[in-house]
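# Fold and geometry: a report
If you want the building blocks of each chain, they are given just below.
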Amino acid sequence: MSTIDRRTFVRAGLALAGTGLLTACTPGEIRAPLILPTSPRIGEVEARRRTTGRTHDFRFTAQAAQVDLGGPQVTTWTYDGSVPGKEIRVRAGDVIQAELANRLPADTTIHWHGLALRNDMDGAPPLTQDPVAPGDSFSYRFIADTPGTHWLHPHSGTQLDRGLYAPVIVEDPADPGGYDHDWTVVLDDWIDGTGTTPDEVLTRLRQGAGGMGSRHGMGGGTTLGGDVRYPYYLINGRVPAAPVTFTARPRQRARIRFINAASDTAFRIALGSHRMRVTHTDGFAVRPVDTDTLVIGMGERYDVTVTLGDGIFPLIALAEGKGATALALVRTAVGTPPPASILPAELDGELLPYDRLTPVEHVRLPAKAPDVEHRLDLTGGMMSYDWGINGLPFDHAQRLLIREDQRVRLTIRNRTMMWHPLHIHGHTFQLGDTGPRKDTVIVLPGRIATCDLAADNPGQWMIHCHNTYHHETGMATILGYEA
Ligand code: C2O
Ligand code: CU
């Protein structure tokens, strides 16, 4: 296997500059031996991971189903008939063994978003595995040693904008706990089964029908609008008229894990009459910080704790720039629930910026000068719908080359008029010098995000915008380990 891998060369549409620095602007070809998902190195690294030796078996059947969103009935694609799919919960170091049975009329896979797992289980076809064809199945098996709030979803076309997503919670044995309830809140924007499929949305966007979505913010001109206007916004698969209700007793403490599984919507989240204490983002602990509200981009996660008051409170997610909300209820007393249209004052309160988030000591990446730096300019525009990186649409031959044990700096510069939630597979980065550890970062128009990571997980890894439509039209590239 090793000789085969070493003889496997890929064309890369990028060129190496003198210092081992890869530049994106010089067209050319490099031929580099890569550590592929099939390389024996992947198993060697897995064998080094700390494991409890406990294995959990899961089964996901990807299938069309009719789903009740709390009024609207939609026919969509699901895991096992429900939206969201059932939550997976393991302890850090446990082995996840998950069988994916594909009963969809299209190829699919499962990507484990947020888990720095072995490359051949990353579920990014055709890079890390062959797509799973209709009627076929695939068995994922890996050590889940990345604690935190994560999730799973397909990595094929626009499938994420159907109902194919589920939470993946990896409990941290070192977590101090101190809460009475542990709730998962999955946010989504919804169109499938309402007369337009996500594939049709993509077609219209490509035709320049950008008018589908509001290009203007609400409430003072947010910069976080989207390209698509959705008929529904959901929390845990429900519209605001039929919200999910979390019940507790007054003065109890709840941990709430927010996951943004939407395709084109940032949400501003708040719990009416409460401050939220933010404890984690993308699974990594931050120094606890209190806020009224925060914005969560597609692919991001936030964990907060709240000490509950006495009453019925709206847990609200405002779809930024879209003039609509998703809703759940937190109930600690009898009474009348707030109306579905409620907009609690916290939404206009203190908003948490990234620079108020600092990692706790043990998750901070030790300071080190980068061995290699890659620049990713986010490019393209709404009317031409030509999203890309460094002016190029995604091509499977692209590589940002790195080597094992390097410190890598990704400098992500947004040269477009839209915001983008950039996501990297298999790694987490430190944002700036003092920022949080994350795997997905919102980059506003004209802004730069500096993401440092330790190259400790060999393989071939996708980097892409987590806007489904930007990803699908080309805002993606590949971080590739050289052998
Ligand atoms: Cu959430 Cu490439 O994925
Ligand atoms: Cu984008």
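Residues numbered from 1 in each chain as written. Chains lettered and ligands numbered in written order. Predicted model: local features only at pLDDT ≥ 70, side-chain atom pairs only at ≥ 80, totals over all residues. Heavy atoms only, no water.

### Examining the overall build of the chain
Regarding its fold elements, the chain presents 4 helices and 34 strands. For 483 residues, the compact-globule estimate of 2.2 N^0.38 gives 23 Å, and the chain sits close to it at 21 Å. The buried share of the chain, taken over its 483 residues, is 60%. As displayed, the chain offers around 18,000 Å² of accessible surface, 51% of which is attributable to carbon and sulfur atoms. Charge-centre separation for the chain: the mean point of 47 positive side chains lies 3 Å from the mean point of 54 negative side chains. (Helix = DSSP H or I, 4+ residues; strand = E, 2+ residues; numbered from the N terminus. Rg over C-alpha atoms; globule rule 2.2 N^0.38 Å. Buried < 20%, exposed > 50% of the residue type's maximum accessible area, 1.4 Å probe, protein only. Areas by Shrake-Rupley, 256 points an atom, 1.4 Å probe, with all protein chains shown as cover. Lys, Arg positive; Asp, Glu negative; His and termini not counted. Charge placed at Lys NZ, Arg CZ, Asp CG, Glu CD.)

### As for the sheet that holds strand β26 (residues 400–402)
The mixed open sheet is built from 5 strands, whose spatial order is β26-β34-β33-β28-β31. The strands lining the two open edges of the sheet, one partner per strand, are β26 and β31 (440–443). Across the sheet, the axes of successive neighbouring strands diverge by a mean angle of 20 degrees, strand direction being ignored. The pairing of strand β33 (residues 460–465) with strand β34 (residues 476–481) spans 5 bridges and is classified as antiparallel. Bridge assignment links Ile463 to a residue of β34, and that residue is Thr477. (Pairing = 2+ DSSP bridges. Axes fitted to C-alpha atoms, helices over the stretch in contact; angles between N-to-C directions.)

### Thoughts on the sheet that holds strand β32 (residues 448–454)
With mixed pairing, the 6 strands of this open sheet are ordered in space as β25-β24-β27-β32-β29-β30. The sheet terminates laterally at β25 (388–389) and β30 (437–438), the two strands that pair on one side only. Two strands pair when backbone bridges link them, and strand β27 (residues 407–414) and β32 are joined in this way by 7 bridges, in the antiparallel orientation. Counterpart to Arg407 in the pairing with β32 is Ala454.

### Here's the deal with the domain arrangement of the chain
On domain assignment, one finds that the chain holds domain 1 (49–171), domain 2 (181–361) and domain 3 (364–482). Contact residues are listed per partner, giving 37 residues for domain 2 and 28 residues for domain 3. Contact with domain 3 buries surface across domain 2, with Met298, Tyr354 and Pro359 losing the most and accounting together for 21% of the total. There are 4 salt bridges connecting domain 2 and domain 3. Here Glu300 ties to Lys438 by a salt bridge, and the two come within 2.9 Å at their closest N and O atoms. Where domain 2 packs against domain 3, one counts 15 residue pairs in polar contact (both at pLDDT 80 or more). At the level of secondary structure, the elements contributing two or more residues to the side of domain 2 that touches domain 3 comprise α3 (198–206), β19 (284–291) and β21 (301–307). Residue composition of the side of domain 2 that touches domain 3, by class: 18 nonpolar, 10 polar and 9 charged. (Domains from an automatic or database assignment. Contact = heavy atoms within 4.5 Å. Buried area = accessible area lost by both parts, 1.4 Å probe. Salt bridge = Lys/Arg side-chain N within 4 Å of Asp/Glu carboxyl O. Polar contact = N/O pair within 3.5 Å; in protein donor to acceptor, adjacent residues only side chain to side chain. Nonpolar A, V, L, I, M, F, W, Y, C, P; charged D, E, K, R; others polar.)

### As for the packing of aromatic side chains
Two aromatic rings are characterised by how far apart their centres lie and by the angle between their planes. What the rule picks out here adds up to 8 aromatic pairs. Each ring, one from Phe60 and one from Tyr79, has its centre 5.5 Å from the other, and the planes form 75 degrees; the classification is edge-to-face. Of this pair, Phe60 sits in strand β5 (residues 55–68) while Tyr79 sits in strand β6 (residues 73–79), and the two are 19 residues apart along the sequence. Looking at Phe60, the relative accessible area reads 0%, which means it is buried. Taken together, a centroid distance of 4.9 Å and an interplanar angle of 25 degrees make the contact between Trp183 and Phe246 stacked. Of this pair, Trp183 sits in strand β13 (residues 181–190) while Phe246 sits in strand β15 (residues 245–247), and the two are 63 residues apart along the sequence. Owing to a relative accessible area of 8%, Trp183 belongs among the buried residues under this scheme. Taking the relative accessible area as the measure of exposure, Phe246 reaches 10% and is therefore buried. (Phe/Tyr/Trp six-rings, centres within 6.5 Å; stacked < 30°, edge-to-face > 60°.)

### Remarks on the pairing of β33
Along β33, 6 of the 6 residues are buried, which leaves the element largely enclosed by surrounding structure. The alternating pattern of β33 places Gln460, Met462 and His464 on one face and Trp461, Ile463 and Cys465 on the opposite face, and all of these are buried. One ladder, built from 3 bridges, connects strand β28 (residues 420–424) with β33; its direction is antiparallel. Residue pairing across strands places Leu422 opposite Cys465, the latter belonging to β33.

### Topic: the pattern of salt bridges
As enumerated under the stated definition, the model contains 33 salt bridges in all. The residue Lys438 makes a salt bridge to Asp282 at a minimum N-O spacing of 3.2 Å. Of this pair, Lys438 sits in strand β30 while Asp282 sits in the loop between β18 (276–281) and β19, and the two are 156 residues apart along the sequence. We note that Lys438, like Asp282, is buried. Among the charged side chains, a network of salt bridges with common partners joins Glu87, Arg89, Arg91, Glu171, Asp175, Asp182, Arg255, Arg257 and Asp303.

### Quick word on the coordination of the copper ion (ligand 2)
Protein coordination of the copper ion (ligand 2) is provided by His420 (ND1), Cys465 (SG) and His470 (ND1), with donor distances spanning 2.0 to 2.1 Å. All donors to the copper ion (ligand 2) come from one chain, and their sequence spacing reads H-x44-C-x4-H. Just as Cys465 is buried, His470 falls in that class too. (Donors = N, O, S within 2.8 Å, 3.2 Å for Na, K, Ca; no water.)

### Let's talk about the environment of Arg141
With respect to the secondary-structure elements, Arg141 resides in strand β10 (residues 137–144). Measuring from C-alpha to C-alpha, the distance between Arg141 and Ala62 comes to 18 Å, with 79 residues separating the pair along the chain. The residues touching Arg141, leaving out its near neighbours within four places in the chain, are Thr55, Val95, Ile96, Gln97, Arg118 and Met121. Here Gln97 takes part through its side chain, which lies 2.5 Å from a polar atom of the side chain of Arg141.

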